[in-house]
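A structural walkthrough
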Amino acid sequence: MDFSIKSLDAKSTIGGIKTGCIAVAVFEDKKLSSAAQALDRKGEISAALKSGDVSGKAGSTLLLRGLNEGSAERVLLVGLGKQDAVSEKDFNAAAQAVVRAFTTLGSNEAVVALPFDAVANRDSAWAIRSVILSAREAAYRFDSLKSKKDPAANGVKKIAFAVPAAAASSAKEAITQAVAVANGIDLTKDLGNFPANVCTPTYLANTAKKMAKEFKLEVEVLDRKQLQALKMGSFLSVTNGSVEPPKFIVLKHNGGKAKDAPTVLVGKGITFDSGGISLKPGAAMDEMKYDMGGAASVLGTMRAIAELKLKLNVIVVIPTCENMPSGSATKPGDIVTSMSGQTIEILNTDAEGRLVLCDALTYVERFKPAAVVDVATLTGACITALGHHNSGLFTRNDDAHDALANELLAA
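Residues numbered from 1 in each chain as written. Predicted model: local features only at pLDDT ≥ 70, side-chain atom pairs only at ≥ 80, totals over all residues. Heavy atoms only, no water.

As for the side chain of Arg74
Along the chain, Arg74 falls in strand E4 (residues 74-79). In this structure the side chain of Arg74 is engaged in a polar contact, spanning 3.4 Å, whose partner is the side chain of Glu73. In this structure, Arg74 is in contact with Gly20, Cys21, Ile22, Leu63, Leu64, Arg65, Leu105, Gly106 and Ser107, ignoring residues within four places of it in sequence. (Helix = DSSP H or I, 4+ residues; strand = E, 2+ residues; numbered from the N terminus. Polar contact = N/O pair within 3.5 Å; in protein donor to acceptor, adjacent residues only side chain to side chain. Contact = heavy atoms within 4.5 Å.)

Concerning the nonpolar core
Judged by nonpolar contacts, the single largest core of 39 residues is most densely connected at Phe91, Phe102, Val112, Phe116, Ile128 and Phe161. Of all the secondary-structure elements, those providing two or more residues to this core are strand E1 (2-8), strand E2 (22-26), E4, helix H3 (88-103), strand E5 (109-112), helix H4 (124-139), strand E6 (158-164) and helix H5 (168-193). When residues no more than four places from it in sequence are discounted, the contact partners of Phe91 are Leu80, Val86, Leu114, Phe116, Val119, Trp126, Ala127, Ser130 and Val131. Counting residues in hydrophobic clusters, the runner-up holds 27 residues, among them Cys199, Phe215, Ala306 and Val316. (Core = buried A, V, L, I, M, F, W, Y, C linked by side-chain atoms within 4.5 Å. Buried < 20%, exposed > 50% of the residue type's maximum accessible area, 1.4 Å probe, protein only.)

A word on the sheet that holds E1
Here 6 strands make up an open sheet; going across it, the order is E1-E6-E5-E2-E4-E3 and the pairing mixed. Strands with a single pairing partner mark the edges of an open sheet, and in this sheet they are E1 and strand E3 (61-65). Taking each pair of neighbouring strands and ignoring which way they run, the sheet shows an average axis angle of 25 degrees. Here H4 sits on the sheet and contacts E1, E5 and E6; the angle it forms with E6, its principal contact strand, is near 170 degrees. (Pairing = 2+ DSSP bridges. Axes fitted to C-alpha atoms, helices over the stretch in contact; angles between N-to-C directions.)

Brief notes about the packing of H4 against H5
At their nearest, the axes of H4 and H5 sit 9 Å apart, and the two run at 35 degrees to each other. Considering the relative orientation of H4 and H5, their crossing is right-handed. Only Ala171, Ala174, Ile175, Gln177, Ala178, Val179, Val181, Ala182, Asn183, Ile185, Asp186 and Lys189 of H5 make contact with H4, whose side of the interface consists of Ala125, Ile128, Arg129, Ile132, Leu133, Arg136 and Glu137. Of the residues belonging to the contact of H4 with H5, the class tally is 12 nonpolar, 2 polar and 5 charged. (Left-handed = near helix turned anticlockwise from the far one by under 90°. Nonpolar A, V, L, I, M, F, W, Y, C, P; charged D, E, K, R; others polar.)

Describing the state of the cysteines
With the rule as written, the count across this model stands at 0 disulfides. The closest cysteine sulfur to the non-disulfide-bonded Cys321 is located on Cys358, 12 Å from its own sulfur. Between Cys382, a cysteine without a disulfide, and Cys358, which holds the nearest cysteine sulfur, the sulfur-to-sulfur distance is 19 Å. (Disulfide = S-S within 2.5 Å.)

A short note on the environment of Glu345
Here Glu345 lies in strand E13 (residues 343-346). Glu345 sits 12 residues away from Gly333 along the chain, and the two C-alpha atoms are 6.0 Å apart. Apart from residues no more than four positions distant in its own chain, Glu345 is found in contact with Gly333, Asp334 and Ile335.

Some remarks on the packing of aromatic side chains
Per the stated rule, a full pass over the model turns up 9 aromatic pairs. Aromatic pair Phe248 and Tyr363: ring centres 4.8 Å apart, planes at 65 degrees, arrangement edge-to-face. Placement of Phe248 in strand E8 (residues 247-254) and of Tyr363 in helix H10 (residues 352-363) is noted, with a sequence separation of 115 residues between them. Comparing Phe248 with Tyr363 shows no difference in burial state: the two are buried. The rings of Phe3, Phe91, Phe116, Trp126 and Phe161 are connected pair by pair, giving a single aromatic cluster. (Phe/Tyr/Trp six-rings, centres within 6.5 Å; stacked < 30°, edge-to-face > 60°.)

This is how it looks when you write it as structure tokens:
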């Protein structure tokens with residue numbers, strides 16, 4: 001999918017844009033956005049709004065053809081809610097509605113001319129990024145392992161954003177940012193969607209190596225002997241029952257000054273979690289391929305960081321292995337020693353995440369980081385406590401003044 005900017009000035013106006021479809025906004029209070037007003041030469045858009053053909057509620061749409069014999073073959077009216085109170089939720093609903101409508105069109109290209117600066121507490125760049133992320137999400141398919149792939153989707157493949165000439169530069173930057181983030185998201189989704197016999201610890205390590213080669217990052221992959229030399233007894237106890245070799249991946253983006261302390265992202269990478277000897281129930285155990293979601297997330301984040309060439313020092317650390325039952329597996333009641341020298345009694349081998357992450361967190365102390373964020377698929381108890389739409393966030397300080405926690409919540 002291709003994204004570009006359509007710069008508007010005195011010579012280039014909304015009405016003069018030649019395209020297969022142009023999306024403009026209407027509001028619940030029967031008002032038109034400025035772009036919709038510019039296309040409403042004979043009152044067709046006003047009439048559609050007044051008649052109730054389109055409500056103006058966020059996410060509502062109406063497709064008009066041959067409007068005023070203008071340059072655009074189609075005009076897509078999109079509801080944005082109340083004109084003076086367009087929320088992030090309203091705009092995202094509108095963006096998703098635009099994308100859905102575009103997928104059904106018999107046109108290869110379209111223009112989005114929404115009021116990008118109308119969202120409360122957000123700028124135009126945020127709005128443009130939201131449309132792009134919605135478009136990329138709708139376009140995402142995971143079919144590389146299918147013997148018979150679904151036919152390629154039709155619809156719009158090229159989307160241009162109509163913005164004032166003065167805002168063209170920042171809009172182009174927003175496109176660059178959104179595409180990089182979307183590429184990172186797609187990588188994360190791909191890694192999560194691969195089955196555990198494909199996405200092994202070795203596969204994750206090779207993915208990191210390919211990324212390092214493509215974006216000129218530093219990469220180091222530690223194997224079992226090196227982990228034993230580091231005395232990572234806690235991490236290694238999890239992999240005892242698997243024939244897949246464990247990997248400890250370190251990926252570095254040195255975009256900041258040499259003396260700047262790095263931000264470290266640690267991702268839990270259990271490519272399959274059977275629970276070990278403390279075996280999980282068989283129902284839905286296939287979903288335990290997702291226990292490397294933390295690793296996938298930080299790899300996707302690093303891809304976006306590297307593509308954007310951010311002027312930051314960022315290090316990704318991924319302890320990755322399988323948690324399997326076998327004659328060599330760690331048993332409930334076993335005692336192991338972590339890299340930090342602490343002894344740990346393992347009463348349930350399905351509590352493997354903390355065993356993997358504690359050695360990784362000890363390892364990253366050598367980088368003297370400015371901040372450490374570890375990402376993991378948390379326990380079912382977290383879902384019981386917080387539901388399916390919230391994530392658990394645990395920080396060192398149990399108060400509202402934790403700067404890192406507040407930054408994460410804002411992000």
